[in-house]
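# Coordinates in review
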There are 2 protein chains.
Amino acid sequence: MDIIMDGIETEILASTELNGHDVTTLDPSVLAVEPLGPNAVLQRDTEEHGAFSPALNLDDSPPEEFAGNSNGVAYYSSRSSSTASSSIERPKSPVVVVYKKAKFKPLPYATSQTGLVYDPRMRFHCEPLLDVPCPSCPISTSSVHPEDPQRIWAIYRALQGAKLVADPGNPVGDPALDYYMGRITARMATMQEICQVHTREHYQWVQGLEMYSDRELHEMAEHKKEYDSVYFSKNTFDCARLSAGSAIEACRAVCLRYVKNAIAVIRPPGHHAEGNSPMGFCFFNNVCIAARACQDEFGQHCRKVLILDWDVHHGNGVQRTFYDDPNVLYISLHVHEDGNFYPRGDEGDHLHCGQGLGLGKNVNIPWPKKGMRDADYLYAFQHVVMPIAQEFNPDLVIVSAGFDAAEGDMLGGCHVSPGGYAQMTHMLMSLADGKVAVCLEGGYNLQSIANSALAVTRTLMGEPPDRIEDMHPSTIGVNTVKLVERQQSNYWQCLYPKALDQSSPTSIYVERGHDMFRSWQANGLWGQHGLTPLFVYNETLSRSFKDQVMATPSYREHRPLLVIFHEPSLVKCFPHPRTGEVEMHNLSFADNPIKKYVDWAIEQGFAVIDVNCPKHITQQRDTGGYVPPDDEKVRIKRATDLAAYLWDNYIEVNNPSHVFLLGMGVPHAGLINLVKSNERCTEMVTKIVSFVAGTAIHSCKGATDDDLDKWYYQSSLVFVPEDHHFFTEVKKIKRRWGYLIKTHSDDLNTMMDHYMDQVTDMFLEDTEEWRTSQMN
Amino acid sequence: MDIIMDGIETEILASTELNGHDVTTLDPSVLAVEPLGPNAVLQRDTEEHGAFSPALNLDDSPPEEFAGNSNGVAYYSSRSSSTASSSIERPKSPVVVVYKKAKFKPLPYATSQTGLVYDPRMRFHCEPLLDVPCPSCPISTSSVHPEDPQRIWAIYRALQGAKLVADPGNPVGDPALDYYMGRITARMATMQEICQVHTREHYQWVQGLEMYSDRELHEMAEHKKEYDSVYFSKNTFDCARLSAGSAIEACRAVCLRYVKNAIAVIRPPGHHAEGNSPMGFCFFNNVCIAARACQDEFGQHCRKVLILDWDVHHGNGVQRTFYDDPNVLYISLHVHEDGNFYPRGDEGDHLHCGQGLGLGKNVNIPWPKKGMRDADYLYAFQHVVMPIAQEFNPDLVIVSAGFDAAEGDMLGGCHVSPGGYAQMTHMLMSLADGKVAVCLEGGYNLQSIANSALAVTRTLMGEPPDRIEDMHPSTIGVNTVKLVERQQSNYWQCLYPKALDQSSPTSIYVERGHDMFRSWQANGLWGQHGLTPLFVYNETLSRSFKDQVMATPSYREHRPLLVIFHEPSLVKCFPHPRTGEVEMHNLSFADNPIKKYVDWAIEQGFAVIDVNCPKHITQQRDTGGYVPPDDEKVRIKRATDLAAYLWDNYIEVNNPSHVFLLGMGVPHAGLINLVKSNERCTEMVTKIVSFVAGTAIHSCKGATDDDLDKWYYQSSLVFVPEDHHFFTEVKKIKRRWGYLIKTHSDDLNTMMDHYMDQVTDMFLEDTEEWRTSQMN
């Protein structure tokens, strides 16, 4: 018979003698019924500094086999330091693991318990409340610090409320105990374990904190510049050791298959802590210490560890610890805000991929903004996290599980739902034969972290994750994931398309498409009408300016002149879907409707000056590769300068009968600036037409000329898509915005094509007199 | 107390009176101990045609609530046809569902059972064995048909071997029964249920099969053209109804949460069966019938159904049934072989995406070849299947689970491991609140299907899927998935980059890149040396041929002539990662090293004819968009014709002192063909140099000239990468392959750059005399 149905003795034993204040109880969870907030701590006797000294040592021998001894309760404690695989001395304190054997041998995983580490003693680390407010400190000392002791209690209570953990009232022998979470007792990490990740100086410094008074601790935390976002308390050392030790024990229990997976509800968090400094509420880097401890103890059985960090902050400490380690893959999803979000700087960007042997084993998914949702996180999991994780094929998965990206967390400002966390957990459970240990990091809204941790726990226990209704990732979410995908494709076989080399060593002449295209236009099609380049003296003269300004020779004559400032033509490109390479014939160049306007104008006897405004000016030392378009302000400045230059050199000095200005996209601002800065324009310019879609509309109001906006309103047509943000942002539309026409399409080419008749009819009307005079 | 620990009465009741041959037993699984092969069927009394007539009607009322009545056994049968949501009459036969309640209310899913439908009566459909061999039938009647009754038995036995199903020997009240699979009794689908998917004609035709003799059935199946890959038997109707009914009951039990999920070990399979015809071993389309039945019965609670088909064949019947249905998403992964793999034709290609309201709700992932592995399937799941499925957000997942893509299946020729199936199952379990019903389709290697189905079942029961070591998808796998991704990005928000429109309505002049580039070359850089286009009369003359042949005017003079046939230059293109759009300045054109050879030759006083051989000839009616390169044979023919034309018109008639031929890539074959077809060449050509990388090397052996290969060996240099398949495929390298030089690089540009000195030194040596004479 394969079934194991022992009665259980649920001897949950723990001793919590803290600072001489004995809080021994049968079950640490009993303590959890009453919250221990800052006040509770204040009531403690702060005179004595005795460390934790658990009293019982039940059994010194390690469990002999999976699932422990026959009564379903396993005890283990320090394995002797002579154990071959490890030189770490285990703690002397007794440790009790309470878990049940797998209930049905044919399904060893499914019928094992999920492990839980929770110990209310970790609530003793909290911000010291001062009797007398600190005079130099502007912050109200009565406000509760977000890294609040209640955080772990809130989670524990949620698990209890969902009836996933045994109640103190459960009778011994109750068959329901089979199905509750298996309790793993917290213990303090040893110095040896901690110093696998941290320096001895750092360890001793944290140890020394208990020597200071509350006021000194306050002074240090608030007014010393070397400490970034931390507070200190007399209990910091013990709590931080307990937090790290709990992470170790959760991971060990998973590796040993005592439990199928586990969640460690611990604090203080760890992922910001660096080798030699506390940071961001963190002292010892719990997940790093646990990863190293398991690698040391289990050798080849736990060689490769994935640390998946969904805390909303970048785990700088974890990244640094394993930056050159090929056996620890660190993947972090976090708000980055271009380096302005905590912990600030560029370390969390997508370009930090590890170094040396660890190259490619560091994956940052840096959200450029807050506000990310389930769909963004799951998009990242589907396209980057899981492909990479599956290829890495870890022996153990540790989740740095901050719940500060959760809906409701004000610090994080994101909107991940409990279902979203559950979906991510479910995906991670496909790795490492299901060996997943979830360790709490940040998360500051008590309700949000409780709901989130509960959803994660239920998933660990085998429940299906909730369905996600909105699976539409945001634009910036997709942009970010694609950026990471492209970067990481250098290191992971499973990611396609591969990033293209930015330079080809054997290429001799590299030419950017816009330069070539304009040259081709100048030589070919445009040549039909006899347009020739106008000389433009420009300080930033480069290849990109050659042939950009073309004119009919008739621009010197007394006839209507159409001046067009437009965006470059479109190119369509059909890359090979896997390699990303493009064969020459799979590029298509499509001229924009400007050509139709030019054709029309020449046919009507107008002179034409056509100005192509490139989005990017090729640099003299161009290395090839992707460049973003130049900044919109830079492009407007360029168009403005060019418009002034052309006006002075080629327009005002000649004798056009009419001047029509036509602007398309960003360059239209150059023409408006021309009118604003040059009083002669209102006399000479007959009409100014603009087509604007995704970019800003520019207004025309003179600094000295009070009537300029009136003139502009009467002399302009401004075509704008009806859903342009202008219409929601500008409350009262004034004349300076010109004569606005709302369009259905938001595509510049479509707009220009669609309204060509309206524009050209207006030009014809304006020039009727001149055309009649020409005929006579 | 939240625990439910009732003793169970495992009354597994079934009656299998088949064709008057009573095989009633306490448990249908008992039958499974002895395989029923074709012989077993032959021994049956084939004179009587009585249908199945299960005898017991235990309870007529539907179960009142989830998890049935208090003794853990639920009975249900036909619900009255007056049930508001459904007009289907349920079968009159009693149906017994044996399952246990969820064992722990806080974890209703995790502690529920996985359902199993298996009924040995489905083994009675098998190919009739004839007493006297069929004279017109070349196939040996003694060979066992792959769709063998033992298939379902093999799977059942594997589940039993893994101790996942209760043994007949399990005592009533055995607590282990808690953990076994919950048995769901098979029943026959009703006519009404079947005719939701099939025509009445088809139903009646299958019903009529039992009227024929074995010989008549054989005749029909083997020699009537309208029947494609099926056999018929007297029991076909009953077995097919039982198979469809079992699929319904598995899905119903999942929808009703009687079980957490289920596997239906059924046959005959269904996914090829179309509305009005049997096909590919299939009669009634089990999964379609089950999907419709659940939609009818559960209304809004089961509106959206995902049918995921990992059978190695395309489920044409499923696709057709739901092609315009927006509420059934059909996703199929199958070998397609460009329409040559069963069921053949283009219906399984990636372009079939549904129609009408169902557009986008049909997703084919058509492998172009056999041999696909776990990594390919999981790549498809990660990048296409799961993103689409999550966005669709189904209420129920039905898996058309053929196991013929499994390692060991000769028909499928693929290599999916049990772990691969488990990983796919695990991913699907994140959907629909875990409501997954797996229904057997094909799969013909008994060991493979048993192992695969066992892995799937263990995953359904909560075990973690096995780790996959090799997560490196194949090139064709990635190509296929990317193709599907691009196609489906039109319909699914979650897929990026979006497919670009092939045409832009407002573009006026569309020019392909290779045409423009050559024009730019001709006008610009190449013009430095005074190269001008040579006139080429060509029947397929098009824009693509303009400027492709350029020559120094000196080609008419008595001096060395270098003739180069080369591939087009490279373009590098950096699209926006999300939109896939390319801004003009993010194209880079890189000339290939040909330019260096031309520069060198002109400097040495050589004449040059430079021929660019486009990979694609722009058609007169070019609609833009992606086109693959023209076929290699077509390109060789084009190069051969052009070489002959140039020889006749511009080379032989003039008076070069030497002729050097230089071929790069595919076009090099044109120069070799020139030498082979024209005897004058060996006299005039001094050297012929080829650079070949990923494409075929061409040999030079004359039909009439016995010494041609000798000449070629002495006059050639052929640069080939050392890992070119030529070196593994060609056993004995003969002179006709030329003077081969193995290169380290397999990149044509790098090769040409690296060996330029060697080539040009040879040219200098060959022309030393001439150059000396010129100096004098």
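Conventions and cut-offs
- Residues numbered from 1 in each chain as written.
- Chains lettered and ligands numbered in written order.
- Predicted model: local features only at pLDDT ≥ 70, side-chain atom pairs only at ≥ 80, totals over all residues.
- Heavy atoms only, no water.
- Helix = DSSP H or I, 4+ residues; strand = E, 2+ residues; numbered from the N terminus.
- Buried < 20%, exposed > 50% of the residue type's maximum accessible area, 1.4 Å probe, protein only.
- Contact = heavy atoms within 4.5 Å.
- Core = buried A, V, L, I, M, F, W, Y, C linked by side-chain atoms within 4.5 Å.
- Pairing = 2+ DSSP bridges.
- Axes fitted to C-alpha atoms, helices over the stretch in contact; angles between N-to-C directions.
- Parallel < 35°, antiparallel > 145°, perpendicular 65-115°, else oblique.
- Nonpolar A, V, L, I, M, F, W, Y, C, P; charged D, E, K, R; others polar.
- Left-handed = near helix turned anticlockwise from the far one by under 90°.
- Phe/Tyr/Trp six-rings, centres within 6.5 Å; stacked < 30°, edge-to-face > 60°.
- Lys NZ or Arg CZ within 6 Å of the ring centre and 35° of its normal.

## Some words on the overall build of chain A
Looking only at helices and strands, chain A has 23 helices and 23 strands in total. Classification of the 776 residues of chain A by burial places 62% in the buried group. Within chain A, residue pairs in contact and separated by at least 24 positions form 77% of the contacts whose partners lie at least 6 positions apart.

## Observations regarding the nonpolar core
Side chains of a nonpolar character, in soluble globular proteins, are inclined to be buried together. Of all hydrophobic cores here, the largest spans 266 residues; its most connected members are A:Trp310 and B:Trp310. Counting 41 residues, the second-largest nonpolar core is a separate cluster that includes B:Tyr555, B:Ile609, B:Cys613 and B:Val685.

## A word on the sheet that holds strand S20 (residues 659-664) of chain B
Residues and elements named next belong to chain B. The strand order S14-S15-S19-S16-S20-S21-S22-S23 describes an open sheet built from eight strands, whose pairing is mixed. On the outer flanks of this sheet lie strand S14 (532-533) and strand S23 (740-743), each paired with one strand and no other. Here six bridges tie strand S16 (residues 561-566) to strand S19 (residues 607-612), and the two strands are oriented parallel to one another. Note that in S19 the partner of leucine 561 across the bridge is alanine 607. Relative to S20, helix H17 (residues 668-677) is tilted by about 140°, and along the sheet it contacts S16, S20 and strand S21 (685-691). Its contacts with the sheet put helix H22 (residues 756-766) on S16, S20, S21, strand S22 (716-721) and S23, and the angle it makes with S21 is roughly 175°.

## Points about the packing of helix H5 (residues 200-208) of chain B against helix H7 (residues 236-255) of chain B
All names here are of chain B. In contact at an axis separation of 7 Å, H5 and H7 are set at 130° when each is read in the N-to-C sense. Judged by the inter-axis angle, H5 sits oblique to H7. Mapping the contact onto sequence places Tyr203, Val206 and Gln207 in H5 and Thr236, Phe237 and Arg241 in H7. Considered class by class, the residues forming the contact of H5 with H7 number three nonpolar, two polar and one charged.

## Let's talk about the packing of helix H11 (residues 418-428) of chain B against helix H12 (residues 446-460) of chain B
All names here are of chain B. Where H11 contacts H12, the axes come no closer than 8 Å and their chain directions differ by 35°. Considering only the axes of H11 and H12, their crossing is right-handed. Of the residues in H12, those touching H11 at Pro418, Tyr421, Ala422, Thr425 and His426 are Asn451, Ser452, Ala455, Val456, Thr459 and Leu460. Of the residues that constitute the contact of H11 with H12, the class distribution is six nonpolar, five polar and no charged.

## Some points on the packing of aromatic side chains
Geometrically, a pair of aromatic rings is defined through the distance of the ring centres and the angle of the planes. Per the counting criterion, the structure on display carries 52 aromatic pairs over all chains. Taking the centre distance of 5.3 Å and the plane angle of 75° together, the rings of A:Trp600 and A:Phe606 count as edge-to-face. Residue classification places A:Trp600 among the buried residues on the basis of a relative accessible area of 12%. Given a relative accessible area of 2%, A:Phe606 falls into the buried group. An aromatic cluster is built from A:Trp205, A:Tyr227, A:Phe232 and A:Phe283, whose rings are joined through pairwise contacts. Taking NZ or CZ as reference, A:Lys103 lies 5.3 Å from the ring centre of A:Tyr179, over its face. The ring of B:Phe392 carries the charged tip of B:Lys304 above its face, separated from the ring centre by 5.7 Å.

## Here's the deal with the sheet that holds strand S14 (residues 532-533) of chain A
Paired through backbone hydrogen bonds, the strands of a sheet run either parallel or antiparallel to each other. Residues and elements named next belong to chain A. Judged by pairing direction, the sheet is mixed, and its eight strands sit side by side in the order S14-S15-S19-S16-S20-S21-S22-S23 without closing on themselves. In this open sheet, the two edge strands, each paired with only one partner strand, are S14 and strand S23 (740-743). Across six bridges, the pairing between strand S20 (residues 659-664) and strand S21 (residues 685-691) is parallel. Paired with glycine 663 across the two strands is serine 690, which belongs to S21. Against the sheet, helix H16 (residues 632-651) touches strand S15 (549-551), strand S16 (561-566), strand S19 (607-612), S20 and S21, its axis set at about 160° to S16. Where helix H17 (residues 668-677) meets the sheet, it contacts S16, S20 and S21, and its direction lies at approximately 140° from that of S20.

## Side note on unusual backbone geometry
Residue and element names in this part refer to chain A. The step from tyrosine 342 to proline 343 runs through a cis peptide bond, and the omega angle for that step is 5°. In this fold, proline 343 is placed in the loop between strand S9 (328-335) and strand S10 (362-367). Positive phi outside glycine occurs at phenylalanine 281, with the angle close to 70°. Its place among the elements puts phenylalanine 281 in the loop between strand S7 (261-264) and helix H8 (286-298).

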